Amino acid sequence: MTGLVYKSTGSWYTVKTDLGDTYECRIKGKFRMKGIKSTNPIAVGDVVDFELETDNNQVSGIINNIHDRKNYIIRKSVNLSKQTHIIAANIDQVFLLITINNPPTLTSFIDRFLVTANAYQIKTILLFNKIDTYDEETLNEVKFLAHVYRKIGYECIGVSAKTGKNVDKVKAIMKGKVNMFSGHSGVGKSTLVNTIEPTLDIKTKEISTLHMQGQHTTTFAEMFDLSFNAKIIDTPGIKGFGVVDMDKEEVGDYFPEFFALKQQCKFHNCLHVQEPKCAVKSALEADEIAYSRYRSYLQILEGDDEHYRTEDWERE
């Protein structure tokens, strides 16, 4: 039998067939060891083959094959630096939720996420959430950030689950696609998903005012079928996003504005750091490239994964 993984709890996977039947499945012990360095060999969104077995009148499945993935979103596992964690697979597009101060979303986090999505050719839409809560100064920050990313080619949408602003616009973009929602804990993913599809009733929690961070409510990624011909993958809140397995020479290719200038650099293998006649550095000096983007690039280049979780947003 073949099905789509809708939920993963680490040892059990909820798999749904084309006929709409759902089975709880697990994997064979040695399956885990097949050269997969990830903490989770199977992710939500995977297409898998499985066999049914009956034990004590309980029917469950044994997964024996994963189909090739067209893409996936991967990051460094938070606790195990040499291991990776696949957040979800076979995604058509991802919505990255961003909040300015409740909690703050760092540009370094946004850029790391975009680089990874770009590397796997996954379209990303930036959703600036909770815009009903912002004063004029904060709204100006939203406009500035949206300008930075629109200029590069990313679609940016201001949304509010509370007032419903642009929720229909988001739904229209989601239609007919497998959509992943991601972002820090507390950016309002679950609230927005509930506004998009009220019957889901995903749990939400208040922001911790002590540290201005969200409380984790989604423990595992899970896919849901929506009433308007779309699928959504709701993911746990991410604190940090370590970029995985990327050669220094290719990092710049995943910054679209750098890639566009690459041919104008004197050296074809220019890293845009200390090389002479670098088109990227010239554009930076002319304010044609955002400094925050260049700084994120340098951090990724240097493998500076120690500081991206704690950086102070005020330095932007």
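Scope of this entry: the structure provided in the associated data block. The numbers attached to residues start from 1 for each chain and follow its sequence in the written order. Confidence filtering applies because this is a predicted model: local features only for residues at pLDDT of at least 70, side-chain atom pairs given and counted only at 80 or more, and all residues used for totals across whole chains, interfaces and linings. Calculation of side-chain values draws on the structure's entire complement of heavy atoms; hydrogens and water are dropped beforehand.

### A closer look at the overall build of the protein
Right, so step 1: Tallying secondary structure elements over the protein gives 8 helices and 15 strands in all.
Right, so step 2: What makes two residues a contact is simply this: any of their non-hydrogen atoms within 4.5 Å. Contacts spanning at least 24 positions in sequence make up 64% of the contacts within the protein whose residues lie at least 6 apart.
Right, so step 3: Method for areas: the Shrake-Rupley scheme with a 1.4 Å probe, in which residue coverage is limited to the protein chains shown. Working note: accessible area of the protein is about 16200 Å², and carbon and sulfur atoms make up 47% of it. The way it works is that DSSP assigns letters per residue, a run of H or I at least four long becomes a helix, a run of E at least two long becomes a strand, and they are numbered from the N terminus.

### As for the nonpolar core
Right, so step 1: Side-chain atoms within 4.5 Å are what join buried Ala, Val, Leu, Ile, Met, Phe, Trp, Tyr and Cys residues into a set we call a nonpolar core. Type-normalised accessible area, obtained with a 1.4 Å probe on protein chains alone, sets the label of each residue: buried when under 20%, exposed when over 50%, and partly exposed for intermediate values. Ranked by size, the top nonpolar core spans 34 residues in total, and within it Ile73, Leu126, Phe128, Tyr149, Met180 and Ile233 carry the most contacts.
Right, so step 2: Breaking this core down by element, the ones donating at least two residues are strand S7 (84-89), strand S8 (93-98), helix H1 (107-119), strand S9 (123-128), helix H2 (136-152) and strand S11 (178-182).
Right, so step 3: Ile157, Val170, Phe181 and Ile202 belong to the second largest nonpolar core, which has 22 residues in total.

### A look at the packing of H1 against helix H8 (residues 291-301)
Right, so step 1: Structural elements are reduced to axes, namely lines fitted to C-alpha atoms, with helices fitted over the stretch in contact, and the angle between N-to-C directions of any two is expressed from 0 to 180 degrees. Relative to each other, H1 and H8 sit at 65°, their axes nearing to 9 Å. As far as their axial angle goes, H8 and H1 are roughly perpendicular. Note that H1 runs across H8; the crossing there is right-handed. Residues Thr107, Ser108, Asp111, Arg112, Leu114 and Val115 of H1 lie in contact with H8, whose contacting residues are Ser292, Arg293, Arg295, Ser296, Gln299 and Ile300.
Right, so step 2: Any residue outside Ala, Val, Leu, Ile, Met, Phe, Trp, Tyr, Cys, Pro, Asp, Glu, Lys and Arg is labelled polar, Gly included; the first ten of those are nonpolar and the last four are charged. Of the residues in the contact of H1 with H8, the class split is 3 nonpolar, 5 polar and 4 charged. The labels follow the angle: roughly parallel below 35 degrees, roughly antiparallel above 145, roughly perpendicular from 65 to 115, and oblique for the rest. It is the rotation of the near helix from the far one that decides the hand of a crossing: anticlockwise by less than a right angle makes it left-handed, clockwise makes it right-handed.

### Observations regarding a nonpolar patch on the surface
Right, so step 1: A contiguous nonpolar patch, built from Met1, Leu52 and Val59 and spanning about 260 Å² of accessible area, is present on the exposed surface.
Right, so step 2: Structurally, valine 59 can be placed in strand S5 (residues 58-66). What goes into a patch is any residue over 30% in relative accessible area without a salt bridge, connected to like charges within 9 Å or, for nonpolar side chains (Val, Leu, Ile, Met, Phe, Trp, Tyr), within 5 Å. Put simply, a salt bridge is a Lys or Arg side-chain nitrogen that is within 4 Å of an Asp or Glu carboxyl oxygen.

### Examining the packing of aromatic side chains
Right, so step 1: Any Phe, Tyr or Trp ring, taking Trp's six-membered ring, that has another such ring centre within 6.5 Å forms a pair; planes under 30 degrees apart are called stacked, those over 60 apart edge-to-face, and the others tilted. Inspection of the entire model under this criterion finds 8 aromatic pairs.
Right, so step 2: Geometrically, the ring pair formed by phenylalanine 255 and tyrosine 297 is edge-to-face, given 5.6 Å between the ring centres and 85° between the ring planes. On the criterion of sequence distance, the pair formed by phenylalanine 255 in the loop between helix H5 (248-251) and helix H6 (256-259) and tyrosine 297 in helix H8 is long-range, its members being 42 residues apart.
Right, so step 3: Judged by its relative accessible area of 1%, tyrosine 297 falls in the buried class.
Right, so step 4: Joined through ring pairs, the aromatic side chains of Phe255, Phe258, Tyr294 and Tyr297 make up one cluster.
Right, so step 5: Over the ring of tyrosine 72 we find arginine 69; its NZ or CZ atom is 5.6 Å from the centre of that ring. Only when the NZ of Lys or the CZ of Arg is both within 6 Å of the ring centre and within 35 degrees of the ring normal is a charge said to sit over the ring.

### Looking at helix H4 (residues 189-196)
Right, so step 1: Burial runs high along H4: 6 of the 8 residues are buried.
Right, so step 2: Three or more residues of H4 are buried, namely Lys189, Ser190, Leu192, Val193, Asn194 and Ile196.

### Quick word on the environment of leucine 97
Right, so step 1: Relative to the helices and strands, leucine 97 resides in strand S8.
Right, so step 2: Taking the C-alpha atoms as reference points, leucine 97 and leucine 192, 95 residues apart in sequence, are found 9.6 Å from one another.

### A word on the packing of helix H3 (residues 167-174) against H4
Right, so step 1: Orientation of H3 relative to H4, taken along the N-to-C sense of each, is 80°, at an axis distance of 10 Å. Put simply, H3 runs roughly perpendicular to H4. Where H3 abuts H4, its residues Val167, Val170, Lys171 and Met174 lie against Leu192, Thr195 and Ile196.
Right, so step 2: Grouping the amino acids of the contact of H3 with H4 by side-chain chemistry returns 5 nonpolar, 1 polar and 1 charged.

### Digging into the pairing of strand S14 (residues 222-226)
Right, so step 1: Note on pairing: two strands pair once DSSP finds at least 2 bridges between them. The pairing of S14 with strand S15 (residues 230-234) spans 5 bridges and is classified as antiparallel. Residue pairing across strands places phenylalanine 224 opposite isoleucine 232, the latter belonging to S15.
Right, so step 2: Two successive antiparallel strands, S14 and S15, enclose a turn made up of 3 residues, where asparagine 229 displays a positive phi of approximately 60°.

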